[in-house]
Amino acid sequence: MRILIVEDTARLSALLAEALAKHGFASDCAPTLAAADEAIAVASYDAIVLDLGLPDGDGLHWLDRRRSAPLPPVLALTARGTLAERVAGLDAGVDDYLTKPFAADEVAARLRALLRRPGPRAAPILAAGPISLDVAARRATVDGAALEISRRELDLLEVLLRRAGSVVSKDAIETALYSFDAEVTPNAVEAIVSRLRKHLDEAGVTGALHTIRGVGYLLEDRS
Ligand code: CA
């Protein structure tokens, strides 16, 4: 389970990420709404923990702006505790609400409850030509045959499939594959790209994954 924590107080998001890790959640932290947009563009999250007062805007307005595209469940964390404010949050698409100060264990419990809820937010099947990926099941296939690849290679494939036909920068891939604070060796992304390319070649999708020198990587959409 991967959670995006959108919170501008670095100490708070770090504490929360640490606490959630103990409950089996991997978290990325975005300190601004712009950073949240970037993270969502390249990675898929099971839930979002959203502070409402961010340096570049209001979390509720952001939710409203993003309404057209499906978002994972949202747990709002906020100092705004009045009833009217809570109602406004629920109207804006917040799935649950916690008022600061809160216990990290309660955040984990609320997240588990949100993730158990059935809903219309089923993760999609991403596809480009013969390649497809069931995002929720973490299962990739080529022409219906299972593609046996590592978790990181699956993550990479997901990023490339989400932007099939467009160049994805190496930075964007790095952000999607690793927690923001992870130490990543300079050629880590290249190594994963080359392993994925080899798997795709072996599965008969030859020459679909391109390196655009100095820019990034592109997965052809042969649909
Ligand atoms: Ca804040």
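Residues numbered from 1 in each chain as written. Predicted model: local features only at pLDDT ≥ 70, side-chain atom pairs only at ≥ 80, totals over all residues. Heavy atoms only, no water.

## A word on the environment of R66
Note that R66 resides in the loop between helix 3 (59-65) and strand 6 (74-78). Each C-alpha atom, one on R66 and one on D37, is 9.2 Å from the other, the two residues being 29 residues apart in sequence. Those residues in contact with R66 that sit more than four places away from it in its chain are D37, I40 and L71. (Helix = DSSP H or I, 4+ residues; strand = E, 2+ residues; numbered from the N terminus. Contact = heavy atoms within 4.5 Å.)

## Points about unusual backbone geometry
Following K100, the chain continues into P101 via a peptide bond in cis, with omega recorded as -5°. Assignment of secondary structure puts P101 in the loop between strand 7 (96-99) and helix 5 (104-116).

## Observations concerning a nonpolar patch on the surface
Together, V167, I212 and V215 make up a nonpolar patch on the protein surface, roughly 200 Å² of accessible area in all. Counting through the fold element by element, V215 comes out in the loop between strand 13 (209-212) and strand 14 (216-219). (Patch = residues over 30% accessible without salt bridge, like charges linked within 9 Å, V, L, I, M, F, W, Y side chains within 5 Å. Areas by Shrake-Rupley, 256 points an atom, 1.4 Å probe, with all protein chains shown as cover. Salt bridge = Lys/Arg side-chain N within 4 Å of Asp/Glu carboxyl O.)

## Here's the deal with the pairing of strand 9 (residues 131-134)
Residues I131 and L133 line the buried face of strand 9, whereas the alternating positions S132 and D134 sit on a face that is not buried. Judged from the four bridges that link them, strand 8 (residues 125-128) and strand 9 form a sheet pairing that is antiparallel. Its bridge partner being in strand 9, I125 is matched across the sheet by D134. For strand 9 and strand 10 (residues 139-142), the ladder comprises four bridges, and the chain directions are antiparallel. In the sheet register, S132 faces strand 10, and the bridge partner there is T141. Between strand 9 and strand 10, which pair antiparallel one after the other, the connecting turn spans four residues, and R138 there sits at a positive phi close to 55°. (Buried < 20%, exposed > 50% of the residue type's maximum accessible area, 1.4 Å probe, protein only. Pairing = 2+ DSSP bridges.)

## Here's the deal with the domain arrangement of the protein chain
Many authors give the size of an interface as the accessible area that is lost as the parts come together. Taken as a whole, the protein chain is organised into domain 1 (2-116) and domain 2 (125-219). Summarising the inter-unit geometry, the C-alpha centres of domain 1 and domain 2 are found 27 Å apart. Counting residues at the interface gives 10 residues for domain 1, matched by 11 residues for domain 2. With both chains or domains summed, domain 1 and domain 2 bury close to 790 Å², and 52% of this area falls on carbon and sulfur atoms. Looking only at domain 1, the three residues that lose the most surface to domain 2 are R2, V42 and S44, adding up to 56% of its buried area. Taken together, domain 1 and domain 2 are joined by zero salt bridges. Remark: the boundary between domain 1 and domain 2 carries one residue pair in polar contact (both at pLDDT 80 or more). Those elements that place two or more of their residues in the side of domain 1 that touches domain 2 are strand 2 (26-30) and helix 2 (33-42). A total of four residues in the side of domain 1 that touches domain 2 trace back to one element, the largest contributor, which is strand 2. Its residues assigned to classes, the side of domain 1 that touches domain 2 shows six nonpolar, two polar and two charged. (Domains from an automatic or database assignment. Buried area = accessible area lost by both parts, 1.4 Å probe. Polar contact = N/O pair within 3.5 Å; in protein donor to acceptor, adjacent residues only side chain to side chain. Nonpolar A, V, L, I, M, F, W, Y, C, P; charged D, E, K, R; others polar.)

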